[in-house]
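# What the coordinates show
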There are 2 protein chains.
Amino acid sequence: MKRIDSVKNEHVKRWKKLKTKKGRETTGRFLVEGYHLVEEAMKAKMVEYVLVTEEADQQSLKDEDIIIVSEQVLKELSETETPQGIAAVCILPNEPDVERLEGQYLLLDRVQDPGNLGTMIRTADAAGMTGIILGEGSVDVFNSKVIRASQGSIFHLPVIKGNLEEWVNRMKNAMIPVFGTALKEASSYTAVEPLEQFALIMGNEGEGLAPSLLELTDQNIYIPIHGEAESLNVAVAAGILLYYLKS
Amino acid sequence: MKRIDSVKNEHVKRWKKLKTKKGRETTGRFLVEGYHLVEEAMKAKMVEYVLVTEEADQQSLKDEDIIIVSEQVLKELSETETPQGIAAVCILPNEPDVERLEGQYLLLDRVQDPGNLGTMIRTADAAGMTGIILGEGSVDVFNSKVIRASQGSIFHLPVIKGNLEEWVNRMKNAMIPVFGTALKEASSYTAVEPLEQFALIMGNEGEGLAPSLLELTDQNIYIPIHGEAESLNVAVAAGILLYYLKS
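Residues numbered from 1 in each chain as written. Chains lettered and ligands numbered in written order. Predicted model: local features only at pLDDT ≥ 70, side-chain atom pairs only at ≥ 80, totals over all residues. Heavy atoms only, no water.

In the nomenclature of an unreviewed UniProt entry, chain A is known as Putative TrmH family tRNA/rRNA methyltransferase of Halalkalibacter krulwichiae.

## Considerations on the overall build of chain A
The helix and strand tally for chain A stands at nine helices and 12 strands. Overall, the C-alpha framework of chain A stretches about 60 × 45 × 30 Å when taken along its three principal axes. Among the 247 residues that make up chain A, the fraction classed as buried is 53%. Taking the intrachain contacts of chain A between residues at least 6 apart in sequence as the baseline, contacts between residues at least 24 apart amount to 75%. Of the roughly 11900 Å² of accessible surface on chain A, 46% is carried by carbon and sulfur atoms. (Helix = DSSP H or I, 4+ residues; strand = E, 2+ residues; numbered from the N terminus. Buried < 20%, exposed > 50% of the residue type's maximum accessible area, 1.4 Å probe, protein only. Contact = heavy atoms within 4.5 Å. Areas by Shrake-Rupley, 256 points an atom, 1.4 Å probe, with all protein chains shown as cover.)

## Let's talk about helix H5 (residues 114–126) of chain A
Residues and elements named next belong to chain A. The terminal C-alpha atoms of H5, which comprises 13 residues, lie 18 Å apart, in line with the 18 Å expected from a rise of 1.5 Å per residue. Burial of H5 is extensive: 12 of the 13 residues sit out of reach of the surface. The N-cap residue of H5 is Asp113: its side-chain oxygen and the backbone nitrogen of Gly115 are 3.0 Å apart. Just beyond H5, the residue with positive phi is Gly128, at close to 75°. (Expected span 1.5 Å × (residues − 1). Polar contact = N/O pair within 3.5 Å; in protein donor to acceptor, adjacent residues only side chain to side chain.)

## Comments concerning the domain arrangement of chain A
Residue and element names in this part refer to chain A. Split into domains, chain A comes out as domain 1 (2–91) and domain 2 (104–245). A C-alpha centroid distance of 31 Å is found between domain 1 and domain 2. Contact with domain 1, which involves 14 residues of that partner, is made by 11 residues of domain 2. Buried area between domain 1 and domain 2, both sides added, is near 1100 Å², and the carbon and sulfur share of it is 65%. (Domains from an automatic or database assignment. Buried area = accessible area lost by both parts, 1.4 Å probe.)

## Re the relation of the copies chain B and chain A
Between chain B and chain A, the superposition needs a rotation of 180° and an axial shift of 0.0 Å, giving an RMSD of 0.0 Å. Put plainly, the chains are arranged around a two-fold axis. Of all interface residues in chain B, 100% are interface residues in chain A too; the two copies therefore contact each other through one and the same surface. (Least-squares fit on C-alpha atoms with pLDDT ≥ 70 in both.)

## Let's talk about the packing of aromatic side chains
All chains considered together, the criterion is met by eight aromatic pairs over all chains. Their ring planes at 55° and their centres at 5.6 Å tell us that A:Trp15 and A:Tyr49 sit as a pair that is tilted. Within this pair, whereas A:Trp15 is found in helix H1 (residues 10–16), its partner A:Tyr49 is found in strand S3 (residues 47–52), the two being separated by 34 residues in sequence. Per residue, the accessibility class of A:Trp15 equals that of A:Tyr49, and both read buried. Aromatic pair B:Phe30 and B:Phe155: ring centres 6.3 Å apart, planes at 20°, arrangement stacked. (Phe/Tyr/Trp six-rings, centres within 6.5 Å; stacked < 30°, edge-to-face > 60°.)

## Considerations on the sheet that holds strand S7 (residues 131–135) of chain B
All names here are of chain B. An order of S8-S7-S6-S11-S9-S12-S10 is seen for the seven strands of this open sheet, with the pairing classed as parallel. With partners counted over all chains shown, the strands left at the sheet margins are strand S8 (159–162) and strand S10 (187–188), one partner each. Sheet topology note: the S7/S8 ladder contains four bridges and is parallel. What sits directly across from Leu134, in S8, is Lys161. (Pairing = 2+ DSSP bridges.)

## Some words on the packing of helix H5 (residues 114–126) of chain B against helix H9 (residues 234–246) of chain B
Residues and elements named next belong to chain B. In the contact formed by H5 and H9, the axes pass within 9 Å of each other and the chain directions differ by 15°. One way to sum up the angle between H5 and H9 is to call them roughly parallel. For the crossing formed where H5 meets H9, the hand is right-handed. Every residue of H9 that contacts H5 at Asn116, Thr119, Met120, Thr123, Ala124 and Ala126 is listed here: Val234, Ala235, Ala238, Gly239, Leu242 and Tyr243. (Axes fitted to C-alpha atoms, helices over the stretch in contact; angles between N-to-C directions. Parallel < 35°, antiparallel > 145°, perpendicular 65-115°, else oblique. Left-handed = near helix turned anticlockwise from the far one by under 90°.)

## Observations concerning the interface of chain B and chain A
Across the contact, 29 residues belong to chain B and 29 residues belong to chain A. Counting across the interface, chain B meets chain A through zero salt bridges. For the interface between chain B and chain A, the tally reads 16 residue pairs in polar contact (both at pLDDT 80 or more). Secondary structure elements with two or more residues in the side of chain B that touches chain A: helix H3 (35–43), H5 and H9 of chain B. With six residues, the single largest contributor to the side of chain B that touches chain A is H9(B). For the side of chain B that touches chain A, the residue count by class is 12 nonpolar, 11 polar and six charged. (Salt bridge = Lys/Arg side-chain N within 4 Å of Asp/Glu carboxyl O. Nonpolar A, V, L, I, M, F, W, Y, C, P; charged D, E, K, R; others polar.)

## Remarks on the side chain of A:Ser153
Within the secondary structure, A:Ser153 is located in the loop between helix H6 (144–150) and strand S8 (159–162). Look at A:Ser153 and you get buried, because its relative accessible area is 2%. Only 2.7 Å separates the side chain of A:Ser153 from the side chain of A:Asp125, close enough to count as a polar contact. Residues contacting A:Ser153, with those up to four places away along its chain left out, are A:Ile121, A:Arg122, A:Asp125 and B:Ala229.

## Observations concerning the environment of B:Asp5
Residue and element names in this part refer to chain B. Note on placement: Asp5 falls in the loop between strand S1 (2–4) and helix H1 (10–16). Sequence separation between Asp5 and Glu166 is 161 residues; the distance between their C-alpha atoms is 48 Å. When near neighbours in sequence (up to four residues on either side) are disregarded, Asp5 contacts Ser70 and Val73. A distance of 3.2 Å separates the side chain of Asp5 from the side chain of Arg3, its partner in a polar contact.

## Notes on the confidence of the model for chain A
Here chain A shows a mean pLDDT of 93. Residues at 70 or above account for 98%. This prediction of the complex comes with two scores: 0.92 for pTM and 0.91 for ipTM. (pLDDT = per-residue confidence, 0-100.)

## Observations concerning the layout of surface pockets
All names here are of chain B. Space inside the second largest pocket adds up to approximately 540 Å³. When residues of the lining of the second largest pocket are traced back to their parent elements, those giving at least two are H3, H5 and helix H6 (144–150). With three residues, H6 is the single largest residue contributor to the lining of the second largest pocket. When the residues that make up the lining of the second largest pocket are grouped by side-chain class, the tally is four nonpolar, seven polar and five charged. In terms of domain composition, the lining of the second largest pocket takes at least three residues from each of domain 1 (2–91) and domain 2 (104–245). (1 Å grid on protein atoms, 1.4 Å probe; cavity = no way out; pocket = protein on both sides within 12 Å on 5 of 7 lines; lining within 4 Å. Points joined across faces, edges and corners; volume = space filled by probe spheres on them.)

This is the structure in structure tokens:
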């Protein structure tokens, strides 16, 4: 079993770069922290190295390529205040090949908040979505806050980066109805019947969907506001719509 | 018009204490930051002082008791990284008197995360709930992160602190059906019909509802998980259930 104690070790220096988007893209690797996420990454067969402190519980890890690290090393790589003594270097998955487009998709247009993106990945997983299409200008899906908020769901369903206008056209060619979300010139979501196949687009926290996308959809829907709030949080709105359209 | 430049001013020292729960409770005051929240607090007639920097836009504020403060003073009181140049000292509202219990209520059992609480207040407002009952052991509702996540909805509907077991009994006495949320020994939420009056209880992020509460409810419901996620975020789950029960 290998052992790394110094924060000046070359591996540690390299792994530290995975805290930035650029570092993740250049190396094709990303970091996860904590027992739950490391386990999920192991199940998904995406782990390159498991890093544990001597004090951490190593029982469930015997078959993996473990490296024992000092607390200083783990702290150097961690973005949480109280690291759990375990982290993993994971290999970025290849973009999944979507040969035959079918099922239920969540499309996300320029979502900025990592908590919102992670929560929507978790919600889409719970609702049994086929996959997520993450449009250009969104927060990086392998950002540690996104991974944490996803609660492991990032390992359960494909998250594909791409140009949303192209994907909307692909959905339409595959006869999958595409719903945009808007406040103006839209129908209440309850006017739509639940569907076997659909694509739902959620938009940027402040601006909503790009007008060019709203023009491409089959139908645009909104969630009625009964009280005085101006709007719903985007992840809450996604939950309401996905569970409604599924049912 | 008054003016305060020094962070050592007695008012500033006193207001700084409003950043802690103890300070808010002792003085009966709390702070809000930013144009949108100050406006909402003004509409709700809960503002004692508006604090603005000389550079900030004061047009919409002429009728209020404004104090001009230095950027240092505002920074001292702020919990955000980029203060908008405006804040307000607000007076804590009296607990609303619920003489005749009717309508639709959201009850919260030991919710810990300020973002989750704020988002649920916003969602309950959007869904047109009558009020929120916040059980003992929950995060403080006048915590600045709760206020921010509520996006002003904290000024739109009553949030009453209380003992949830007592409140569940009051609801039942008023013939309002009470729904708990649970994973075991519960029905899918779609088995319930939407209702004119109801009370829904959401629980702690990790532990869910206290067993003593689950025993008191009329019916316990759950949201089916179709994918591999273990659960939904509590604010997303609240959104799905409130919008379903309302419709």
